[in-house]
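Structural features, examined
Here is how the chains run, residue by residue.
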Amino acid sequence: LAKTTQPISMDSYEGQEVNITCSHNNIATNDYITWYQQFPSQGPRFIIQGYKTKVTNEVASLFIPADRKSSTLSLPRVSLSDTAVYYCLVVPTAGTYKYIFGTGTRLKVLA
Amino acid sequence: DTGVSQDPRHKITKRGQNVTFRCDPISEHNRLYWYRQTLGQGPEFLTYFQNEAQLEKSRLLSDRFSAERPKGSFSTLEIQRTEQGDSAMYLCASSPGLAGEREQYFGPGTRLTVT
């Protein structure tokens, strides 16, 4: 299972775009990249998933370069309610469903 | 869709006691997962079920820990002879189990405090 590395914390101001980069050098050919968000005293919540290039949904975009050794979660125009921990996971598409969460990135959005 | 529910939400117990947690997954979700999370860390995988079959267990799941999903619906996680190091948030998640479906839906967790 590929190990991921993310910044421990980030600060941003309301209305700014936030980019959180995750490195996963050992990603396997069939692995997907998935991001979860977690608020205090709650379980994680799925945000977005991708394999390559760019994926966009109503809350975020995910950019994955051709070598897939890293990925960037982009949150447009953050608000105070986006303050949370964001986890990057490399998820296998076959075999194990054992998901490995790292320590995540603590995003603090300031007014 | 009522989401994943867990009971109790909080549990305080004395060292050496046994505790049992329950998880009710989203209806018709075939896969169910248990995680443990301590302060400042991400969730740590404990085990997962495909229907009633327990398919993988972490080495974190010592012989004091046991999980069951007897009818492929709800699941229980039991910790015997609790230790202070067992204090953590215990999270349950479920997923549909469809081919290629990787999103997991988490419950609110059960916070265990061992005194």
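Computed from a predicted model, the values in this text were never measured in an experiment. (Residues numbered from 1 in each chain as written. Chains lettered and ligands numbered in written order. Predicted model: local features only at pLDDT ≥ 70, side-chain atom pairs only at ≥ 80, totals over all residues. Heavy atoms only, no water.)

1. Looking at the packing of aromatic side chains
So the rule is basically this: Each aromatic pair joins two rings of Phe, Tyr and Trp (for Trp, the six-membered one) with centres within 6.5 Å, and gets the label stacked for planes under 30 degrees apart, edge-to-face for over 60, and tilted for any other angle. The helix and strand labels rest on DSSP assignments: H or I over at least four residues marks a helix, E over at least two residues marks a strand, and numbering proceeds from the N terminus. To sort residues, take the accessible area from a 1.4 Å probe on protein chains only and compare it with the maximum for the residue type: under 20% means buried, over 50% means exposed, and anything in between is partly exposed.
Overall, the coordinates contain 13 aromatic pairs over all chains when judged by the stated rule. With 5.7 Å between their ring centres and 90° between their planes, F101 of chain A and Y35 of chain B make a pair best called edge-to-face. Taken together, the residues span two chains, with F101 of chain A in the loop between strand 8 (84–91) and strand 9 (105–110) and Y35 of chain B in strand 4 (residues 31–37). Here Y35 of chain B falls in the buried class, since its relative accessible area comes to 0%. Following the ring pairs from residue to residue traces out a cluster consisting of Y36, F46, Y87, Y99 and F101 of chain A together with Y33, Y35, F45, Y48 and F106 of chain B.

2. Considering the pairing of strand 11 (residues 110–114) of chain B
Residue and element names in this part refer to chain B. Counted only if it meets this: At least two bridges found by DSSP between two strands is the condition for calling them paired.
Judged by which residues are buried, strand 11 turns out to be one-sided: T110, L112 and V114 face inward and are buried, whereas R111 and T113, on the alternate face, are not. Note: strand 9 (residues 88–95) against strand 11, 3 bridges, orientation antiparallel. Its bridge partner being in strand 11, M89 is matched across the sheet by R111.

3. A few points about the state of the cysteines
Applicable threshold: In plain terms, two cysteine sulfur atoms within 2.5 Å form what is called a disulfide here.
Per the counting criterion, the structure on display carries 2 disulfides over all chains. The disulfide bridge from C22 of chain A ends at C88 of chain A, spanning 2.2 Å between sulfur atoms. Its torsion about the S-S bond being -80°, the disulfide of C22 of chain A and C88 of chain A is classed as left-handed. Here C22 of chain A is found in strand 2 (residues 18–23), whereas its partner C88 of chain A is found in strand 8, with 66 residues between them in sequence. Here C23 of chain B is linked by a disulfide to C92 of chain B, with a sulfur-sulfur distance of 1.8 Å. The sign of the -65° torsion about the S-S bond sets the C23 of chain B-C92 of chain B disulfide as left-handed. Taken together, the positions of C23 of chain B in strand 3 (residues 19–24) and C92 of chain B in strand 9 put the pair 69 residues apart, joining distant regions of the chain. Note on C23 of chain B: relative accessible area 0%, which makes it buried. Residue C92 of chain B is classed as buried on the basis of its relative accessible area of 0%.

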